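One-letter residues, chain by chain:
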Amino acid sequence: MQKVERRTHRENKHRRSLWLAAAVLLLAGGIAAAVLLNQPEEKPTAAEDHSGLISDRKTEEVVSVTVERRDGESWTLIRDAEGNLRPEDGGDWTADTQTAALLQEAMAQLRYEEILTEDPEVYSESPADFGLENPRVTVTARYADGSSLTVHIGNDTGLEEGWSYMTAEGDGRLYAVSSGIADQLDVEYALLHPVVRPEIYGALLDRITVSDGAGNVIARWELRGEITDRDAASNWAVTAPFTCPADEEAISNLKKSAEDLRLGTYTADAGAAEKSKYGLETPRRIVEFHMAEGSTGTVGDSGVYDVQDHRERTVELRIGDSPDGLADYVQYGDEIFTVSHFTLAAFADPDPMATAARYPVLTPLASLEGITIEENGRKLEYTLRDREKTGEGENPGRQVLLNGEEIPWEGFEAAYDRLLTVTFSGTLPEGAEWKEAYKKYTFRTLSGGTHTVTLGDWDGVHDAVTVDGSTLFYLIRGGMTDLPGEDQ
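Residues numbered from 1 in each chain as written. Predicted model: local features only at pLDDT ≥ 70, side-chain atom pairs only at ≥ 80, totals over all residues. Heavy atoms only, no water.

## Considering the packing of aromatic side chains
Then, number 1: Inspection of the entire model under this criterion finds 14 aromatic pairs.
Then, number 2: Ring geometry for phenylalanine 412 against tyrosine 416: centres 6.0 Å apart, planes inclined by 20°, an arrangement best described as stacked. Here tyrosine 416 and phenylalanine 412 lie together in helix H10 (residues 409–420), a separation of 4 residues that amounts to about one turn.
Then, number 3: Relative accessible area serves as the criterion here: at 0%, phenylalanine 412 is assigned to the buried category.
Then, number 4: Judged by relative accessible area, which is 0%, tyrosine 416 ranks as buried.
Then, number 5: With a centroid separation of 4.7 Å and 15° between ring planes, the pair formed by phenylalanine 424 and phenylalanine 473 is classed as stacked. In this pair, phenylalanine 424 is assigned in the loop between H10 and strand E26 (426–427) and phenylalanine 473 in strand E30 (residues 470–476), connecting sequence segments 49 residues apart.
Then, number 6: Grouping aromatic residues by their ring pairs yields a cluster made of Trp93, Tyr189, Tyr266 and Phe337.
Then, number 7: In this arrangement the basic side chain of arginine 57 is found over the ring face of tyrosine 143, its NZ or CZ atom lying 4.0 Å from the centre. (Phe/Tyr/Trp six-rings, centres within 6.5 Å; stacked < 30°, edge-to-face > 60°. Helix = DSSP H or I, 4+ residues; strand = E, 2+ residues; numbered from the N terminus. Buried < 20%, exposed > 50% of the residue type's maximum accessible area, 1.4 Å probe, protein only. Lys NZ or Arg CZ within 6 Å of the ring centre and 35° of its normal.)

## Remarks on unusual backbone geometry
Then, number 1: Cis rather than trans, the peptide bond between alanine 240 and proline 241 has omega equal to 10°.
Then, number 2: The residue proline 241 is located in the loop between strand E13 (236–240) and strand E14 (244–245) in this model.
Then, number 3: Although it is not a glycine, asparagine 376 sits at a positive phi angle of roughly 55°.
Then, number 4: Checked against the element boundaries, asparagine 376 lands in the loop between strand E22 (368–375) and strand E23 (378–386).
Then, number 5: Residue classification places asparagine 376 among the exposed residues on the basis of a relative accessible area of 69%.
Then, number 6: Residue asparagine 403 is not a glycine yet carries a positive backbone phi of 50°.

## Considerations on the sheet that holds strand E12 (residues 217–223)
Then, number 1: Taken in spatial order, the 9 strands make up an open sheet running E14-E13-E12-E11-E16-E19-E20-E21-E15, and their pairing is antiparallel. The two strands at the open ends of the sheet, each matched to only one other strand, are E14 and strand E15 (266–269).
Then, number 2: Here 7 bridges tie strand E16 (residues 285–291) to strand E19 (residues 313–319), and the two strands are oriented antiparallel to one another. Its bridge partner being in E19, histidine 290 is matched across the sheet by threonine 314.
Then, number 3: Each of strand E11 (205–211), E12, E13 and E16 touches helix H6 (residues 248–259); the most contacted strand, E11, lies at about 80° to it.
Then, number 4: Here helix H8 (residues 341–348) sits on the sheet and contacts E11, E16, E19, strand E20 (327–332) and strand E21 (335–340); the angle it forms with E21, its principal contact strand, is near 100°. (Pairing = 2+ DSSP bridges. Contact = heavy atoms within 4.5 Å. Axes fitted to C-alpha atoms, helices over the stretch in contact; angles between N-to-C directions.)

## A short note on the sheet that holds E22
Then, number 1: Taken in spatial order, the 9 strands line up as E25-E24-E23-E22-E27-E28-E29-E30-E26 in an open sheet, and their pairing is antiparallel. Of all the strands in the sheet, the pair left with one neighbour each is strand E25 (405–407) and E26.

## Here's the deal with the side chain of threonine 117
Then, number 1: Along the chain, threonine 117 turns up in strand E6 (residues 114–117).
Then, number 2: Classification of threonine 117 by relative accessible area gives buried; the value is 2%.
Then, number 3: Within the structure, the side chain of threonine 117 is placed 3.0 Å from the backbone nitrogen of aspartate 119, a separation counted as a polar contact. (Polar contact = N/O pair within 3.5 Å; in protein donor to acceptor, adjacent residues only side chain to side chain.)

## Focus: the pairing of strand E27 (residues 439–445)
Then, number 1: Among the 7 residues of E27, 5 are classified as buried, and the element is accordingly described as predominantly covered.
Then, number 2: Relative to E27, E22 runs antiparallel, the two being bridged by 7 bridges. Note on E27: the bridge partner recorded for isoleucine 373 is tyrosine 441.
Then, number 3: Where E27 lies against strand E28 (residues 450–457), 6 bridges are found, and the strand directions are antiparallel. Bridged to arginine 444 within E28 is threonine 450.
Then, number 4: Hairpin connection of E27 to E28: 4 residues between the antiparallel strands, including glycine 448 at a positive phi of 95°.

## Here we look at the pattern of salt bridges
Charged atoms that come close allow side chains of opposite charge to pair.
Then, number 1: Within this structure, the stated rule accounts for 20 salt bridges.
Then, number 2: Its salt-bridge partner being glutamate 61, residue arginine 57 comes within 3.2 Å of it at the nearest N-O pair.
Then, number 3: For glutamate 61, a relative accessible area of 26% translates into the label partly exposed.
Then, number 4: Among the salt bridges present, the one from aspartate 457 reaches lysine 435, with a minimum N-O distance of 3.8 Å. Of this pair, aspartate 457 sits in strand E28 while lysine 435 sits in the loop between E26 and E27, and the two are 22 residues apart along the sequence.
Then, number 5: Taken together, the shared-partner salt bridges connect Arg69, Asp71, Glu73, Arg136, Asp183 and Asp186 into one network. (Salt bridge = Lys/Arg side-chain N within 4 Å of Asp/Glu carboxyl O.)

## Regarding the environment of glutamate 312
Then, number 1: Within the secondary structure, glutamate 312 is located in the loop between strand E18 (305–310) and E19.
Then, number 2: The residues contacting glutamate 312, other than those within four sequence positions of it, are His290, Met291, Ala292 and Glu293.
Then, number 3: In terms of polar contacts, glutamate 312 uses its side chain to reach the side chain of histidine 290, at 2.8 Å.

## Some thoughts on the nonpolar core
Then, number 1: Judged by nonpolar contacts, the single largest core of 66 residues is most densely connected at Phe289, Tyr382, Phe412 and Tyr416.
Then, number 2: Element by element, the count of residues in this core is highest for H10, at 5 residues.
Then, number 3: In this view, phenylalanine 289 contacts Ile200, Leu205, Arg207, Ile208, Ala258, Leu261, Arg313, Thr314, Val315, Leu317 and Phe347; residues no more than four positions away in its chain are not counted.
Then, number 4: Formed by 33 residues, the second largest nonpolar core is a distinct cluster that contains Ala106, Tyr143, Leu149 and Ile181. (Core = buried A, V, L, I, M, F, W, Y, C linked by side-chain atoms within 4.5 Å.)

See the structure below:
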């Protein structure tokens, strides 16, 4: 019988025999050490391997696994006709592939590291000392031939890092099992549920809406146009709680946050009681991601570009309580998950003003078809054309006409680039009043869209700027840089 370490100690005849055995071993060790000191130095030998298998089967022989955890949680998975493990209670899902595989492998080829004793009296009189009175986990595997195996895993042995005590029903021996095996078997039910991913594609998004639990919209962003427009990225607008063109980079980040959303641990099916428990009966936020009909493409492992068509649809997430401030309960479909609060922050705590465009000119040069500037009865008409399409000019590229006359493209391009960098000077205070517009810009896009910018005197030094009908910001007088011909 080998020495068995345990967390607490009680004197009994077995304990005294263990101490006696230990004393003999120490005496023998001292004699051995004295002999070895006078022997030639030899290379150390590898540590002996005392491990073995309690069960030795193929994984497909495991037809069910039942786990009872120390916290009282208990569940059973059964193998279906396709070889997948499903919950015995009839849940309409299969267990996570990796977790299920580890469970089956552990119970088909159950390996121990050491046999600590073959005498059951050593541990049966005080099972609490070994964590076996209320085991960390009890696992029962049933096999295709009708047999079964039940094991109990207790506390850390203290003998080797990570080893735990283990017994098997019908077997009087006390084993040590590795921490890896113990962890594979001590699985929370929630971790068995496969984590689904909301299919949100940034390239197809054309509307994002955030509402409170009563359905009142508190933030909304919408694409003005089609997802296929060449200027779609710069053609988004905040449409609630105010109306204003949206910043292209802010929308890009918002769409990426939506696309990157991942659900965390499965919590429960979304029944009435569960929704009430997790704050989803009247959710804190309702987030809707509307996607237009379209196609997406990815390069597969074989290097082939795979195109997938998608119908128009909406993905809805309902955000409930946040028990610890780190995660939120989220209902997706008919199930409830925990989701990182950080990944949800842009939608759970939206800040529409932070996404408002801080520049008056929205149209990239590559998407521009023309500009009309009206001021003091004077009208300047800039028309951009592609030389290859018109057949005019010997040099390829674009050309620009001012009131029908061609002007140097390079000068116009440089001036327009400067105009694109103009940013607002500040936000108009509530109740601000301004005079009628004295200058108006009309930007026409190649996709058929139109953006308008008007300037109206606010305080003699700054102009109130109205972009596409929305007036939120002011600009210092003269802040709009000139295009060629304006100063003539």
